[in-house]
Amino acid sequence: MSEHPTYHAATAIRAEKNWATIAVLIIAFLAGMAAFAGIHQATMPQARVETTDPTTLHLSGEFVESNLGTALEPDGSVTVRAIGQQYSFTPQCILVPTDTAINIRATSADVIHGLLIQGTTVNTMLVPGYISVQNARFHKPGEYLMPCQEYCSFGHEGMWGKVKVIDKAEFMAMASKQERLSCVK
Ligand code: CUA
């Protein structure tokens, strides 16, 4: 009953300021977390890390030469397997169908390369020892340039590949005759 009213007001204002500071700190913290998570995800290999031995790439496993190129999966999607090495991609020209879920799996046989398909969201690093996975879908036939976008020594500028998108029906006809496809039949 005898408490001074201005004392209450001052306490209330101070409390409000403290809470405002805390709110700002929380927001800053959350924004920082989001930024960190985004940058982290964009710069790191995907969460489910798949590895491969670059020294035996050509001899056994998923990336032997006979398994490279485009494969039609039982679920109707398509898997592309490719290798980057100084200074080319294998296959040099990747063949894919229109209107199909495309799963690209690629790695490097030597140093770090970049795999970028111009005009698409496909853009990843090829790190020796790791499998890079990217998804794509193309809506119309055409050709896309695929430059190496990671400096990989003196031949880097000349390291180019290509993606050729063909009509789905045409692709399916080819896939019925051959298990692994590329632009060169
Ligand atoms: Cu390979 Cu730059």
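Up top is the structure these notes are about.
All of these numbers come straight from a predicted model, not from anything done at the bench.

## Looking at the overall build of the chain
Part 1 of the reasoning: Helix and strand content of the chain: 2 helices and 10 strands.
Part 2 of the reasoning: Secondary structure elements of the chain occur, N-terminal to C-terminal, as α-β-β-β-β-β-β-β-β-β-β-α.
Part 3 of the reasoning: Relative to its length of 185 residues, the chain is extended, with a C-alpha radius of gyration of 26 Å against a globular reference of 16 Å.
Part 4 of the reasoning: With the principal axes as the frame, the chain shows a C-alpha extent of 95 × 40 × 30 Å.
Part 5 of the reasoning: Here the chain holds 185 residues, and 35% of them are scored as buried.
Part 6 of the reasoning: For the chain, long-range pairs separated by at least 24 residues make up 62% of all intrachain contacts whose partners lie at least 6 apart in sequence.

## Looking at a nonpolar patch on the surface
Part 1 of the reasoning: Together, W19, I22, I26, F29, L30 and M33 make up a nonpolar patch on the protein surface, roughly 660 Å² of accessible area in all.
Part 2 of the reasoning: Position of W19 relative to the elements: it lies in helix α1 (residues 5-43).

## Looking at the nonpolar core
Part 1 of the reasoning: Counting 29 residues, the largest nonpolar core has V96, I102, I117, F138 and V163 as its most contacted members.
Part 2 of the reasoning: Elements that contribute at least two residues to this core include exactly β2 (78-85), β4 (93-97), β5 (102-108), β10 (160-166) and α2 (168-175).
Part 3 of the reasoning: It is β4 that contributes the most residues to this core, 4 residues altogether.
Part 4 of the reasoning: Apart from the residues within four sequence positions on either side, I102 is in contact with V78, V80, V96, P97, Q134, N135, A136 and F138.

## So, the pairing of β4
Part 1 of the reasoning: Most of β4 sits out of view: 5 of its 5 residues are buried.
Part 2 of the reasoning: Burial along β4 is two-sided: the residues C93, L95 and P97 and I94 and V96 are all buried.
Part 3 of the reasoning: Two strands pair when backbone bridges link them, and β4 and β10 are joined in this way by 5 bridges, in the parallel orientation. If you follow L95 over to β10, its bridge partner there is K164.

Here is what the cut-offs are and how they apply
Residues numbered from 1 in each chain as written. Predicted model: local features only at pLDDT ≥ 70, side-chain atom pairs only at ≥ 80, totals over all residues. Heavy atoms only, no water. Helix = DSSP H or I, 4+ residues; strand = E, 2+ residues; numbered from the N terminus. Rg over C-alpha atoms; globule rule 2.2 N^0.38 Å. Buried < 20%, exposed > 50% of the residue type's maximum accessible area, 1.4 Å probe, protein only. Contact = heavy atoms within 4.5 Å. Patch = residues over 30% accessible without salt bridge, like charges linked within 9 Å, V, L, I, M, F, W, Y side chains within 5 Å. Areas by Shrake-Rupley, 256 points an atom, 1.4 Å probe, with all protein chains shown as cover. Salt bridge = Lys/Arg side-chain N within 4 Å of Asp/Glu carboxyl O. Core = buried A, V, L, I, M, F, W, Y, C linked by side-chain atoms within 4.5 Å. Pairing = 2+ DSSP bridges.

So far we have only geometry, and geometry alone does not tell us how the molecule works.
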